[in-house]
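Residue strings, one per chain:
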Amino acid sequence: TVRVVSADKHLRNELGGGVSVHLRDTNIGHIDGHFLDVDEVPVCACFPATISFDYNPSTGQPILSVSTRRDEASFTAYDGSPSIEPWRVNEWGEMPDTVARIFHTIDRAEGLLGSIRSQYFAVNLPDVAKPDVKVLAAHRHDEWLLRARLDQATDQFYLLVATSKLLDRSVENYHDLQVDGYWEEQRKAREESGEDAQEDIPTPIFSFPALSARITNSVQEEVKEDFLDNTAVGAHDRLRDRGGVASHHCYRSQDVNFGHEKLSADNSAAHVYHEFERGKYGSAGKGRTRLRHIREDHAEWRMNPPRAYSVVNMANLTEDAQRDVVGFLLTEFKRFQCPRVPETLRETLVQDMQGLSVGSSVILHSLSEEQYDPQKIGTGGIALSGSLTATVRNTLESGAQRTAERLGVAQVGNRHECLESGALGCAAAHLVVLQDIAGDLLSDFEEEGILRPGQKYTARPIRTAWNVGRMESTPKYFVNAKIAVASAISPIEGPGFYENAFGDQVPKDSPENIEECYACKLFTEDQRRGAVTKTEVEVFLPLERDGGFVEVVDVCEEAWEEFRAENLRLLRQQGVFLPGGSESDEDLRYPSVLYALLTRDTSASLGLPANSPDAPKWEIYERGGRKYDYWRLYGFITMVLKCKDKKLRSMILVAPWCRWMFNRQGVPMGFTQMHYSFRSACSSTFSGLLLDVICTERTTVNRSLDRPVRSLPIVLYGVFTLHMSQFMHLIVRNINVLIKSCLMRVNQLHINYTNLLRKNLDLHIFSRASRNALLLEDRIRARASATLDEDSDEEEEVEEEAADDVSVGSDLGWPEGDDDDDDDGDSKMPASLSNETNVVRDNKFALRLVCHLTNSTPGDKSSFVSVTLPRALHYLNHDRKGKRL
């Protein structure tokens, strides 16, 4: 019997008085439930991060001591060392049976310890304590001592058995909680919208309320509170002390008109803002766009127009202030980061259940591990343009919200969404469904006799659509999204894992801009017909003629759309039932290649006369009550050709896998786009699950939590795409660099892979440019404002060093040599500045002055008089070098 105990406050409910786990002496080494009663093993809501081995000195009962503290060192009360020398037969003679059993038990314990450590990268476990072989040899005739050493080795093995099951059950329980929590939130969202779930698998609702919540444990809540109280508020207060935060929670706030246009966030800069009508803090990558959206919402809700002011203008911070806050945050982030980007689903769940949402902890890891390492995914992320700015902005927003909470100020809406969401629960829930679908499909194939269990079928290349063009500036090792996905999904390792329908052709040779790289409409009619012919010759014909394999085929609408109308006419003429109906949504309408397959004559492939009535037809596979058409829901359709030889002839039509990482200027990357990306990630995940069985000796779908996340795109979608874009407000094209790094197991945060890295040497500065240049840029922007793309999503504006409205009025903290050496920093500006430029400059000056004037506590006159007012006067009367004006 192993006693599981803990003095940890987070484990009191499960292990308060200790739990006994009974193990039998039979089948030693097996931990599959025959060796112990699994139901006796406790389930911990909080992850047992540190495991120690102890025993009762009176009874010798082994004790498993458990803690949730990641920084706590594990220990063992058993005597011995981490290693043991081999038995010297020449010196000590034959090994006694009891000694042989000691070595055998130690080997089993070591094997189990290694297995646990490989599954649970972050858990702290003690080494197996091994006896000194010389002591065993000296007492080889002392059976009592040898038995005592055997008991010690056996007890440690038992402790490891209990450890393995304790960890497994706790993580599996957390997984199930997240899945159940996701479905419950979906049910509530569906109920709120008045929508009935007609399908067996309800179409997911992509909205903030439906995806923002996750089931949390006490450790997660404690970590979140720690982040808010110390990291977020700490950064907010540091910046406020440097005159970078405006706040209406101050002494005599009625003296400041926070609704004045000079304090507005209605410009192109990134902001933390406060909106008075709803009493809500928020943040935006582009203030003007966010306020436009808020105005539209208020009009729809019949509310007064929004009144918002800039709490923090990210483009109006001195370099000294930036260095101070960023330095503080990077140090703080290390306390909340994951030790590495998770490599398996189990590791992903473990990281998620120990603190912030795993996507948040991955970003903190990427930012705080500043040195790029090609073998360590995510390191060097501080150089990824916009990521630092967005994360700092999110943290400052939470700091402002937390400060308001402390003052008892009521707020509306969800807060601190950058720290956690239900995105992982969404991914885990739909992964289970996809595994079920794949399992049902394989079972139906077997029952129909077209799939032989355990037979390894030939792996075929993934059939993708077309290559993206490459500009001269394209990095050497840049990889297209669909190729990165195909490399992770395909059973073929090395070259030949994919083949394009258009071959090596690109939309335009030598493209001059990114739009021309992706301009598939530039393909000629001959090129499109050539892609169709290539697919028919290399995919359809061999599969129909030979059988014995599965093809995964991108629907490649660019090639097949030309034949859509004619194929639809033929099918209607033949009275064939057509799936779908709505042709309005380019992403959700049924693919043209489906209709081409349904009309295809397979006679020639099977050696029959043309249009032979004996030639089978391609069909959407269905058996019993199951129809494997998941196009609208999951982006794939399973097609089969049933021939008399009973060979496997199946084709999986999939939505383009590049759609997962879709990003186009002018297209808001909101929840609508997340739905389309979801379908793409699901179709690739399903394909991988299926090929993993068909192209190996496996007989069942791999449901293991130890499966690499690179082969589960839906998990990467949840952790990266959904959480980071919608809840952390990071730029999708930047997130894609991290996704491709995970898919290809190479850290792509390097200039050889991406052009999205910042070039400036001081990466702790996210907003940097000379004041003269910026004022000039303001003037140019003001004149060109009528032509700006107002429909672009604010979070998709790359926040380059000088890409935003970053002119400032403060003279404190700017680097010397930034302008000419004249006392007046603006003396070298053009003789006549536009009125627009003067307005921008005055707005910046006014906002910084208000930041200084509102750095006080409500009702605290003494601090206002002794601290706040002198700082404001100093700012007003001195230039950036400290010289009085």
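Bear in mind that the values here come from a model prediction, so they are computed numbers and not experimental data.

Turning our eyes to something else, we now look at the overall build of the chain. What the chain contains, in helices and strands, is 26 helices and 16 strands. The buried share of the chain, taken over its 885 residues, is 57%. Counted over contacts in the chain with a minimum sequence separation of 6, partners at least 24 positions apart contribute 74%. Carbon and sulfur atoms provide 48% of the accessible area of the chain, an area that totals close to 36,900 Å².

We now examine the sheet that holds strand β2 (residues 19-21). Strand order in the open sheet formed by four strands is β2-β1-β4-β3, and the pairing between neighbours is mixed. Both outer strands of the open sheet, β2 and β3 (50-55), are each paired with one neighbouring strand and no more. Across the sheet, the mean angle separating the axes of adjacent strands is 25° when strand polarity is ignored. Sheet topology note: the β3/strand β4 (residues 62-67) ladder contains six bridges and is antiparallel.

Bringing the packing of helix α3 (residues 97-119) against helix α5 (residues 143-193) into the picture now. Contact geometry of α3 with α5 gives a least axis separation of 9 Å together with a crossing angle of 20°. One finds that α3 runs roughly parallel with respect to α5. By crossing handedness, the relation of α3 to α5 is classed as left-handed. Class assignment for the residues of the contact of α3 with α5 results in 14 nonpolar, six polar and six charged.

Under the definition given, this model contains 27 aromatic pairs. Relative to Y753, the ring of Y477 has its centre 5.7 Å away and its plane inclined at 40°; by these criteria the two rings are tilted. With Y477 in the loop between β8 (462-464) and α14 (481-489) and Y753 in the loop between α23 (732-744) and α24 (771-784), the pair connects residues that are 276 residues apart, well separated along the chain. Look at Y753 and you get buried, because its relative accessible area is 17%.

Read from one edge of the open sheet, three strands run β6-β5-β7, paired in antiparallel fashion. Single-partner strands in this sheet number two, and they are β6 (280-284) and β7 (308-313). Going from strand to strand, the sheet's axes swing by 30° on average, the running direction of each strand aside. In this structure, strand β5 (residues 271-275) lies alongside β7, joined through five bridges in antiparallel fashion. Paired with Y273 across the bridge in β7 is S310. Relative to the sheet, helix α8 (residues 287-300) contacts β5, β6 and β7, its axis offset from that of β5 by approximately 25°. Docked against the sheet, helix α12 (residues 387-406) engages β5, β6 and β7, running at close to 170° with respect to β6.

Glycine aside, residues mostly have negative phi, and peptide bonds are mostly found in the trans state. Backbone geometry places R252, a non-glycine residue, at a positive phi of 50°. Its identity as a non-glycine residue notwithstanding, S510 has a phi of 50°, on the positive side. Within the secondary structure, S510 is located in the loop between β9 (498-500) and α15 (514-517).

Bringing the nonpolar core into the picture now. Formed by 175 residues in total, the largest nonpolar core has its most connected members in L64, Y634 and F720. It is helix α13 (residues 423-448) that contributes the most residues to this core, 14 residues altogether. Contact partners of F720, with chain neighbours within four places excluded, come to V341, V362, S725, I735, L738, I739 and C742. Core analysis: the next-biggest nonpolar cluster, separate from the first, contains 39 residues, F502, V532, W560 and L568 among them.

Summarising burial for β6: four of the five residues are buried, a large majority. Two successive antiparallel strands, β5 and β6, enclose a turn made up of four residues, where G279 displays a positive phi of approximately 70°.

Inspection of the entire model under this criterion finds 10 cavities of 30 Å³ or more. When its volume is computed, the largest cavity comes out at roughly 100 Å³. Around the largest cavity, the lining is made up of 13 residues, and of these R463, T464, A501, T535 and V539 lie nearest the centre. Put simply, the parts of the chain that give the lining of the largest cavity at least two residues each are β8, β9, α16 (525-546) and β10 (549-554). Considering every element that reaches the lining of the largest cavity, the biggest residue donor is α16, with four residues.

Turning our eyes to something else, we now look at the confidence of the model for the chain. The share of residues in the chain with pLDDT of 70 or more is 88%, and the mean pLDDT across the chain is 87. Every residue in residues 769-834 scores below 50 in pLDDT, and together they form 168 contacts with partners more than four places removed in sequence or on other chains.

Glancing now at helix α10 (residues 345-352). In an α-helix there are 3.6 residues to a turn, and that puts residues three or four apart on one side. With eight of eight residues buried, α10 is to be regarded as a mostly interior element. Buried residues of α10: L345, R346, E347, T348, L349, V350, Q351 and D352, and no others. For α10, the elements touching its buried residues are α3, α5, α7 (218-241), α11 (358-368), α13 and α22 (713-726).

If the charged atoms of two oppositely charged side chains come close together, the side chains can form a pair. Counted under the stated rule, the structure contains 59 salt bridges. In this structure, the salt-bridge partner of R88 is E85, at a minimum N-O distance of 3.1 Å. We classify R88 as partly exposed; its relative accessible area is 33%. Residue D229 pairs with R402 through a salt bridge whose shortest N-O separation is 2.9 Å. One end of the pair, D229, is in helix α7; the other, R402, is in helix α12, and 173 residues separate them in sequence. A residue is classified by how much of its surface remains accessible, and R402, at 10% relative accessible area, is buried. Within this structure, D444, E447, E448, E619, R623, R626 and K642 form a network of salt bridges that share partners.

Reading guide: rules and limits
- Residues numbered from 1 in each chain as written.
- Predicted model: local features only at pLDDT ≥ 70, side-chain atom pairs only at ≥ 80, totals over all residues.
- Heavy atoms only, no water.
- Helix = DSSP H or I, 4+ residues; strand = E, 2+ residues; numbered from the N terminus.
- Buried < 20%, exposed > 50% of the residue type's maximum accessible area, 1.4 Å probe, protein only.
- Contact = heavy atoms within 4.5 Å.
- Areas by Shrake-Rupley, 256 points an atom, 1.4 Å probe, with all protein chains shown as cover.
- Pairing = 2+ DSSP bridges.
- Axes fitted to C-alpha atoms, helices over the stretch in contact; angles between N-to-C directions.
- Parallel < 35°, antiparallel > 145°, perpendicular 65-115°, else oblique.
- Left-handed = near helix turned anticlockwise from the far one by under 90°.
- Nonpolar A, V, L, I, M, F, W, Y, C, P; charged D, E, K, R; others polar.
- Phe/Tyr/Trp six-rings, centres within 6.5 Å; stacked < 30°, edge-to-face > 60°.
- Core = buried A, V, L, I, M, F, W, Y, C linked by side-chain atoms within 4.5 Å.
- 1 Å grid on protein atoms, 1.4 Å probe; cavity = no way out; pocket = protein on both sides within 12 Å on 5 of 7 lines; lining within 4 Å.
- Points joined across faces, edges and corners; volume = space filled by probe spheres on them.
- pLDDT = per-residue confidence, 0-100.
- Salt bridge = Lys/Arg side-chain N within 4 Å of Asp/Glu carboxyl O.

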